[in-house]
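Now for the letters of each chain:
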Amino acid sequence: MSPGPEQHRARVARVISQVMGVPVGEVGDQASPRTLKAWDSMGHMNLMLALEEEFGVRFSDDRILQLLSVPAILAELDLVLPAGGSHA
Amino acid sequence: MEPVSYAQAQALSEAELAALPPLRIALLANIVINPLVAYLRYQAWRIGLHAQCHLGEYDNVLQEALGSNADLLGPQTDVVLVFLQLETLSWSLARAFAGLGVEQVRAERERIVDYVQNVLAGIRRQTPGMILWHGFERPLYPALGIADAQRPDGQTAVVEELNHAVREAVRRYQNAYWVDLDPCVARIGAPAFHDARYWHLGRAPYTLAALREIADETFKYVRALKGKSRKCLVLDCDNVLWGGTIGEDGLAGIRLGTTHPGSPYREFQQEVLNLHDRGVVLALCSKNNEADVWEVFDGHPDMVLRRRHIAAAQINWDDKATNLQRLARELNLGLDSLVLADDSDFETSLIRRLLPEVEVLQLPAGSAVEHRNLLAACGWFDTLTISAEDRERGAAYQAEAARTRLKVESGDLESYYRSLEMVPRIGLADPMTIPRIAQLTQKTNQFNLTTRRYGAEEIARLAASDAADVIWLRLSDRFGDAGIVGVCILRYGGGSATFDTFLLSCRVLGRGVEDAFLVQCLRRAAARGCAMAIGEYHPTAKNGQVVDFFPRRGFQPAAADAEGSRFTLALPAPGLREPDFFARIDSEIAS
């Protein structure tokens, strides 16, 4: 079975939960700075750093400012990860 | 061991940490450095502390040093981390240097040194805690190109001068240290250290890998401050000190020499010897026939380590957990003072499971070339200062062995003590002795009645205070001078003297010297007009041997609570006298 967006979703949710300090169940498929209080500008930078480490990727500075929700992050990961899986 | 990921470090739960003693860290920075907190918390957790980090506002360093943020710094602060990046402090020196004239450079330099001195003084007014001041990074691409390195007024030279001036300013304070960031940068490489994206997006110049490296460096200082540095390196032999198996390959068959494939082992041994020369105790723990191992030590021409460097050895076929416990007993050290260097996954995982207090340096089997760097990088033995006593510890252990032989010859204990011709010297702390006194409070675990840890700054304050005396004990005998080996801190108040601290280094235990020291301190208290002495005992995992120290010397139990017990003794106490087996006692405190 090839890893797909669903597997990324679980990993993204776990990283968000660890970085923001909320239970993974409270992260939600549509999580964003509007739904999580800890996802402020500092939280966003920490999250981007953690996601880059988790997936072994590097977002461009322009994209970093736009990855402000779980769907946006998943779409970006689909774009930057080589087809068929991730580095990590 | 795999480095911890940021998310893992961040995920340490408060609930798990809440039970641990706090380590209060304040961060003052002119850059954004928040993710560092996760690594600081993780490193603190590894040594059993709960890091409570207080972050200053971005680029408010001087204001905060002068007290603008009441929650940031205080008497309880343990560690203050200061990060001043040159780009933010002086854009012209950092990034527009080529256009500056000599006068402008000089003015900028003076302004920065002034600023640094004001920040230092301000922090010190608010807290006696340890200050770790991070130096300016060397320019990667100097402003004047290749000509820069040739010129005494080049950018690199100016940054070096600034660092020198800052280091001198820091050195004027006790318990303040200048941290060189350049080796941190070099170890992982500048492209892995700096992240231009987050610098532009959020004034956060460092990558996660950089912050992990900085936290590692920070905790070398914290471990030393908190008495968590390791004291003894326990070495496996086969494939660690030499390549191959002595029992099978024989003296001529093992790999050890100045050229490959023996040179990595020789370089490793040199690094081990360097630790020995800094005061680290060396021991062997090897599954071998003992005679085979000593044959290498005595007979191999390329051995760097010699028998005289080894304080204790367990060379047999028993399991290593048992042998490490034997070594700890023999050396009078706790298991948490030991680091085992071993190449066997089996042995290292056994020790991690059975003796988690022992730190393990896993040397990758099959890549001996890495061993030396791994040992040099670990930082577990780092101390804040390297005292004369540290440098002579090897000789002290040899002398101890000679004393043990004499003990056997002389039969009864009194005549043995007499034969040592011991001379205790007792005096009051002064600037020369304060660093060693602070070091002893940080490192001594066994003969330590209260285990209060003090930095040099606090010792200096106590020594200067009218309400306290900081008293040291030196000991010499016919085999040598052990240096300062005992500390007593008396606090005066309400007509009594309280033994805030009473400790003895484990190298002079079992020689009756504690009695001479106690009696001298009691005389001092009586001479200062005290009618009563109060002894305290705070139990820890390590100091069981002194549980009845005060009651056995005539002190009466007075109170006991969760923290410990208190004992009292009326002064003067004419019944207490120094033992008479000392050659003489040199006291500088008898008033």
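This part covers the overall build of chain B. Tallying secondary structure elements over chain B gives 24 helices and 18 strands in all. Radius of gyration (C-alpha) of chain B: 27 Å, near the 25 Å computed for a compact globule of 591 residues. C-alpha extents for chain B along the principal axes are approximately 80 × 70 × 50 Å. The buried share of chain B, reckoned over its 591 residues, is 42%.

Moving on to the interface of chain B and chain A. At the junction of the two partners, chain B supplies 14 residues and chain A supplies 12 residues. Of the residues forming the side of chain B that touches chain A, the biggest block, 5 residues, is contributed by helix α11 (residues 196–202) of chain B. Partitioned by chemical class, the residues of the side of chain B that touches chain A number 8 nonpolar, 5 polar and 1 charged.

All right, on to the environment of Glu-14 of chain B then. Position of Glu-14 of chain B relative to the elements: it lies in helix α2 (residues 14–18). Separated by 550 residues in sequence, Glu-14 of chain B and Gly-564 of chain B place their C-alpha atoms 28 Å apart.

So, on to the pairing of strand β3 (residues 79–83) of chain B. Counting buried positions along β3 of chain B yields 5 of 5 residues, so the element is predominantly enclosed. Residues Val-79, Leu-81 and Phe-83 of chain B line one face of β3 of chain B and the alternating positions Val-80 and Val-82 of chain B line the opposite face, and both faces are buried.

Moving on, we come to the nonpolar core. All names here are of chain B. Residues Val-80, Val-82 and Leu-132 are the most contacted members of the largest nonpolar core, which totals 87 residues. Sort the elements by how many residues they give to this core and helix α12 (residues 208–225) lands first, with 9 residues. When residues no more than four places from it in sequence are discounted, the contact partners of Leu-132 are Val-79, Val-80, Leu-81, Val-82, Tyr-177, Val-179, Thr-218 and Tyr-221. Counting residues in each nonpolar core, the second largest holds 54 residues, with Ala-396, Leu-449, Val-508 and Phe-582 among its members.

On to the pairing of strand β6 (residues 232–235) of chain B. All names here are of chain B. Burial along β6 is two-sided: Cys-232 and Val-234 and Leu-233 and Leu-235, pointing in opposite directions, are all buried. Pairing of β6 with strand β7 (residues 281–286), which is carried by 4 bridges, proceeds in the parallel orientation. Within β7, the position partnered with Cys-232 by the bridge is Val-281. One ladder, built from 4 bridges, connects β6 with strand β9 (residues 338–342); its direction is parallel. Across the sheet, the residue bridging to Leu-235 is Ala-341, located in β9.

Attention shifts here to the sheet that holds strand β2 (residues 50–55) of chain B. Residue and element names in this part refer to chain B. With parallel pairing, the 5 strands of this open sheet are ordered in space as β2-β1-β3-β4-β5. The open sheet has two edge strands with one neighbour each: β2 and β5 (176–179). When strand polarity is set aside, the average angle formed by the axes of neighbouring strands in this sheet is 20°. Inspection of the sheet shows strand β1 (residues 22–29) paired to β2 by 6 bridges, in the parallel sense. The residue of β2 that forms the bridge with Leu-23 is Ala-51.

Attention now goes to the sheet that holds strand β8 (residues 310–315) of chain B. All names here are of chain B. Across the sheet, which stays open at both edges, the 5 strands sit in the order β8-β7-β6-β9-β10 with parallel pairing between neighbours. Single-partner strands in this sheet number two, and they are β8 and β10 (359–362). Here the average twist between neighbouring strands, direction ignored, is 20°.

Turning our eyes to something else, we now look at unusual backbone geometry. Residue and element names in this part refer to chain B. Of note, the bond from His-260 into Pro-261 is cis; its omega dihedral lies within 30 degrees of zero at 5°. Positionally, Pro-261 belongs in the loop between α13 (246–249) and α14 (263–277). The phi dihedral of Asp-59 is positive, around 55°, even though this residue is not glycine. Mapped onto the elements of the fold, Asp-59 is located in the loop between β2 and α4 (61–65). Overall, Asp-59 belongs to the partly exposed group, with 17 C-beta atoms counted inside 10 Å.

All names here are of chain B. Among the secondary structure elements, Thr-501 is positioned in strand β14 (residues 496–504). When the 26 C-beta atoms within 10 Å are taken as the criterion, Thr-501 is described as buried. Residues Thr-501 and Arg-452, spaced 49 residues apart in sequence, show a C-alpha to C-alpha distance of 6.8 Å. Residues in contact with Thr-501, not counting those within four places in the same chain, are Thr-441, Thr-450, Arg-452, Val-487, Cys-488 and Ile-489.

Further remarks concern the confidence of the model for chain A. Here chain A averages 88 in pLDDT, and 88% of its residues register 70 or above. Confidence, expressed as mean pLDDT per element, reaches its minimum in chain A at helix α1 (residues 5–20) of chain A with 89 and its maximum at helix α4 (residues 70–80) of chain A with 94.

Here we come to the packing of α14 of chain B against helix α18 (residues 371–378) of chain B. Residue and element names in this part refer to chain B. Viewed as axis vectors pointing N to C, α14 and α18 meet at an angle of 20°, and their least axial separation amounts to 8 Å. Classified by the interaxial angle, the pair formed by α14 and α18 is roughly parallel. Read as a crossing pair, α14 and α18 show a hand that is left-handed. In this structure, α14 uses Pro-264, Glu-267, Phe-268 and Glu-271 to contact α18, whose residues at the interface are His-371, Arg-372, Leu-375 and Ala-376. Along the lines of polarity and charge, the residues of the contact of α14 with α18 split into 4 nonpolar, 1 polar and 3 charged.

Right, let's talk about the packing of helix α16 (residues 320–331) of chain B against helix α17 (residues 345–354) of chain B for a bit. Residues and elements named next belong to chain B. Where α16 contacts α17, the two axes come as close as 9 Å, and the packing angle between them is 65°. Along the contact surface, α16 presents Lys-320, Ala-321 and Leu-324, while α17 presents Glu-347, Leu-350, Ile-351 and Leu-354. Residues that form the contact of α16 with α17 fall into these classes: 5 nonpolar, no polar and 2 charged.

Moving on: helix α24 (residues 513–527) of chain B. Residue and element names in this part refer to chain B. Spanning 15 residues, α24 covers 21 Å between terminal C-alpha atoms, matching the ideal 21 Å at 1.5 Å per step. Among all positions of α24, only Val-513, Glu-514, Ala-516, Phe-517, Leu-518, Gln-520, Cys-521, Leu-522, Arg-523, Arg-524 and Ala-525 are buried. The inward-facing, buried residues of α24 contact β11 (423–428), β12 (468–477), β13 (480–493), β14, β15 (532–537) and β18 (586–587). At the exit of α24 stands Gly-529, carrying a positive phi of roughly 95°.

Here the focus is the environment of Leu-462 of chain B. All names here are of chain B. In this fold, Leu-462 is placed in helix α23 (residues 456–464). Given 21 C-beta atoms within a 10 Å radius, Leu-462 is considered buried. When near neighbours in sequence (up to four residues on either side) are disregarded, Leu-462 contacts Ala-468, Val-470 and Ile-489.

Calculation rules
- Residues numbered from 1 in each chain as written.
- Chains lettered and ligands numbered in written order.
- Predicted model: local features only at pLDDT ≥ 70, side-chain atom pairs only at ≥ 80, totals over all residues.
- Helix = DSSP H or I, 4+ residues; strand = E, 2+ residues; numbered from the N terminus.
- Rg over C-alpha atoms; globule rule 2.2 N^0.38 Å.
- Buried ≥ 20, exposed ≤ 12 C-beta atoms within 10 Å, placed from the backbone.
- Contact = placed C-beta atoms within 7 Å.
- Nonpolar A, V, L, I, M, F, W, Y, C, P; charged D, E, K, R; others polar.
- Core = buried A, V, L, I, M, F, W, Y, C linked by C-beta atoms within 7 Å.
- Pairing = 2+ DSSP bridges.
- Axes fitted to C-alpha atoms, helices over the stretch in contact; angles between N-to-C directions.
- pLDDT = per-residue confidence, 0-100.
- Parallel < 35°, antiparallel > 145°, perpendicular 65-115°, else oblique.
- Left-handed = near helix turned anticlockwise from the far one by under 90°.
- Expected span 1.5 Å × (residues − 1).

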